[in-house]
Number of protein chains: 2
Amino acid sequence: MDAFTENLNKLAELAIRVGLNLEEGQEIVATAPIEAVDFVRLLAEKAYENGASLFTVLYGDNLIARKRLALVPEAHLDRAPAWLYEGMAKAFHEGAARLAVSGNDPKALEGLPPERVGRAQQAQSRAYRPTLSAITEFVTNWTIVPFAHPGWAKAVFPGLPEEEAVQRLWQAIFQATRVDQEDPVAAWEAHNRVLHAKVAFLNEKRFHALHFQGPGTDLTVGLAEGHLWQGGATPTKKGRLCNPNLPTEEVFTAPHRERVEGVVRASRPLALSGQLVEGLWARFEGGVAVEVGAEKGEEVLKKLLDTDEGARRLGEVALVPADNPIAKTGLVFFDTLFDENAASHIAFGQAYAENLEGRPSGEEFRRRGGNESMVHVDWMIGSEEVDVDGLLEDGTRVPLMRRGRWVI
Amino acid sequence: MDAFTENLNKLAELAIRVGLNLEEGQEIVATAPIEAVDFVRLLAEKAYENGASLFTVLYGDNLIARKRLALVPEAHLDRAPAWLYEGMAKAFHEGAARLAVSGNDPKALEGLPPERVGRAQQAQSRAYRPTLSAITEFVTNWTIVPFAHPGWAKAVFPGLPEEEAVQRLWQAIFQATRVDQEDPVAAWEAHNRVLHAKVAFLNEKRFHALHFQGPGTDLTVGLAEGHLWQGGATPTKKGRLCNPNLPTEEVFTAPHRERVEGVVRASRPLALSGQLVEGLWARFEGGVAVEVGAEKGEEVLKKLLDTDEGARRLGEVALVPADNPIAKTGLVFFDTLFDENAASHIAFGQAYAENLEGRPSGEEFRRRGGNESMVHVDWMIGSEEVDVDGLLEDGTRVPLMRRGRWVI
């Protein structure tokens, strides 16, 4: 078996054993881009070798999505397969694990009218709600595993021929996910210990807010009442640990939807609805992004922020040390899962119930500052040039990061 | 556009406009083998050009199915994605059309232990029940469109290299579906008129039974009380016509589950659970196949007949003229959709409610002779050597077919 195939096998094994931490006899519901068939077959094989009872995969196809967005009358853009998403939510509530193979072409929907893309996306988000809450509320174990989609590879390595770009992207994925190490499963056990130690520290400190300072950034992010930091392996409602993101370098929690003040500038581009938003900046008052701009992709960004009232508020704040394996690739991945884990970040939209003690919902969730929205879009604000302090309620300032690295 | 691409486009157009007879704004739920991605994309394009609002495709993958059947412990074979099938049934009840892209490798599951294949298939049938009844009860418009799967092509043309076999199979599909004609949509309108005329004749006659005579066959098939012949374009419960089978040459109805007597020999092989059953014969008494045998594949056939009590009784009898375009290809297709439409046939298992006046269900369905089972497997008994008579209740004999051709 050549080195590439060996690493691909190690990544598939990692997804099942560490990402999902699959239970004996558990069913898996997988989603993947249609280009990932061979990798999905490898994942299915590892799943069955590790005790899965049934592996069902649902493929997405950007070419079909493009045809729809180009051809159908406006009103039809409001249709979405609620029957499918309700079925998926039912499967998760009945104990199936969720395996998302992710690796999209950031330019998949480029050239299509943003309002049509936005309208279809909103219908999609509405229909997907039951599934999203089953996932974000950790009703079951789930993970997102990366796939070197050709469109993605061309975005990351625009100058290279496709085949070479795909190979280079796989190498970066192996590095970012620690698959390039001798024993990735053991490497992840050690990695989880470090992340859990940071989480314990931050949860013990109970900071009132975080203060970010760097070029174009002077942002105070209030933290939700009874916020909980999470990071690394996460317990489901049934107490089973899983690693939702491969890779993951972040520790994250819920901001208070009303207590975000100041200005902030993105440190990396954001891939949104198949388009690239570059030079994103925002000014917050009372938790709301009252002013937002971007050098490129501003229209699709504003379309996102018009989704609902919560889309202009924050649902997540995350700390990531700038010297992590993803950042070390030196690459911009044009993919939120990677780029968000390469730098500290914040997210417009839905907060995660797991980031509030007792996983509240509805009125209690809102009362404590949890934000609600049909969207959740992470964008990166940390770098080697950004310092972060924790602010206690009494105003005491505790240095957390200097020049993007942990100092705790 | 070369001739092949033109014919493929004509087949996709035929599937949407004649197969589904798609309504403006209607959603489509498609199923397909994973090898059919490019053809599915063409179908999606035609669907959106003809008014579809949303096209969702669910892919099956024999390689993943094989891995499961080979690896999982026995008990896990009883799992099936009920959440998905219930979702599909819900979509159909809410008005989505069903598009099945069919073209399987008849040897896909060969070499796997039949009892494991059978056990997984039974679990699949149980979970698929709500979807199957929504389809067989014509809650919505549906069609099955053929795809020249490489595995299928190699079975039909064992001596040819794969690529050539696939091209030859596509040509046979184009011939069988009338796509090779100048205007396939018009050709199908004429074809439907002929089929509907036979249906009207047979429904007006109200035969008590049919008598089949040929080499190894002397079979009297009693017809269910208030049976209805169907053929060609079929109305859904909402009255919309669709052509469920592309191709279709048959007129068919429901036998009486208790009134089938005599012996019968298959005129073509039967592809069953990825295996080939050749030389199939059966002896019926009181509607039950009391004796069954086959020169090849007898074990998987018996596994099927053990599925439930109804599996040994008949759920369909169909008349097909021997001089139809499928038979004219001279090919054995190793695929029930084609082979059943190349010759008169009968089916073990579930009867179609549409073949009984008023589409009864439950007790009324059974009382009138409708058969119930988790399976529905057609096998071919007609040929140039088989004559068919209609028997009226008073014993009068009306010649219907001589040497396999209509004489009415």
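Keep in mind it's a predicted model, so treat the numbers as computed, not measured.

1. Points about the side chain of Thr236 of chain B
In step 1: Along the polypeptide, Thr236 of chain B turns up in the loop between strand S8 (234-235) and strand S9 (241-242).
In step 2: Those residues within four positions of Thr236 of chain B in sequence are excluded, and the remaining contacts are Phe138, Thr140, Asn141, Cys242 and Arg359 of chain B.

2. Topic: the sheet that holds strand S19 (residues 387-391) of chain A
Residue and element names in this part refer to chain A.
In step 1: Reading across from one edge, S15-S14-S11-S6-S5-S19-S20-S21 is the order of the eight strands in this open sheet, with antiparallel pairing throughout. Looking along the sheet, the strands with just one partner apiece sit at the ends: strand S15 (288-293) and strand S21 (405-406).
In step 2: Summarising the sheet, strand S5 (residues 209-214) and strand S6 (residues 217-223) pair through six bridges and their orientation is antiparallel. Counterpart to His211 in the pairing with S6 is Thr220.

3. Regarding the nonpolar core
In step 1: Formed by 174 residues in total, the largest nonpolar core has its most connected members in Phe39 and Phe55 of chain A together with Phe39 and Phe55 of chain B.
In step 2: Beyond its immediate chain neighbours, meaning those up to four positions away, Phe39 of chain B contacts Leu8, Leu11, Ala12, Val101, Val145, Pro146, Phe147 and Trp170 of chain B.

4. Let's talk about the domain arrangement of chain A
All names here are of chain A.
In step 1: For chain A, the domain assignment lists domain 1 (3-180) and domain 2 (201-230 + 249-406).
In step 2: Each of domain 1 and domain 2 has a C-alpha centre, and the two are 24 Å apart.
In step 3: Between domain 1 and domain 2, the residue contacts involve 33 residues of the former and 27 residues of the latter.
In step 4: Contact between domain 1 and domain 2 buries roughly 2,700 Å² in total, counting both sides, with carbon and sulfur atoms accounting for 63%.
In step 5: Applying the counting criterion to the domain 1 and domain 2 interface returns one salt bridge.
In step 6: Residue Glu249 pairs with Arg178 through a salt bridge whose shortest N-O separation is 2.7 Å.

5. Structural notes on the UniProt feature "binding site: a divalent metal cation 2" in chain A
All names here are of chain A.
In step 1: In this numbering, the UniProt entry assigns the feature "binding site: a divalent metal cation 2" to Glu316, Glu340, His376 and Asp378. A maximum C-alpha distance of 12.5 Å is found for the annotated residues, which run over 63 residues; spatially they form one tight group.
In step 2: As for its position among the elements, Glu340 is in helix H11 (residues 336-340).
In step 3: When residues no more than four places from it in sequence are discounted, the contact partners of Glu340 are Asn245, Glu250, Glu316, Val320, Asp335, His345, Asp378 and Met380.
In step 4: With respect to the helices, strands and loops of the structure, Asp378 is situated in strand S18 (residues 376-380).
In step 5: Judged by its relative accessible area of 7%, Asp378 is buried.
In step 6: Asp378 has contacts with Leu270, Glu316, Thr336, Glu340, His345, Ile346 and Ala347, leaving out every residue within four places of it along the chain.
In step 7: Within the local environment of Asp378, its side chain forms a polar contact with the side chain of His376, the two groups lying 3.3 Å apart.

The rules behind these values
- Residues numbered from 1 in each chain as written.
- Chains lettered and ligands numbered in written order.
- Predicted model: local features only at pLDDT ≥ 70, side-chain atom pairs only at ≥ 80, totals over all residues.
- Heavy atoms only, no water.
- Helix = DSSP H or I, 4+ residues; strand = E, 2+ residues; numbered from the N terminus.
- Contact = heavy atoms within 4.5 Å.
- Pairing = 2+ DSSP bridges.
- Core = buried A, V, L, I, M, F, W, Y, C linked by side-chain atoms within 4.5 Å.
- Buried < 20%, exposed > 50% of the residue type's maximum accessible area, 1.4 Å probe, protein only.
- Domains from an automatic or database assignment.
- Buried area = accessible area lost by both parts, 1.4 Å probe.
- Salt bridge = Lys/Arg side-chain N within 4 Å of Asp/Glu carboxyl O.
- UniProt positions renumbered as here; feature names shortened; annotations may be inferred.
- Polar contact = N/O pair within 3.5 Å; in protein donor to acceptor, adjacent residues only side chain to side chain.

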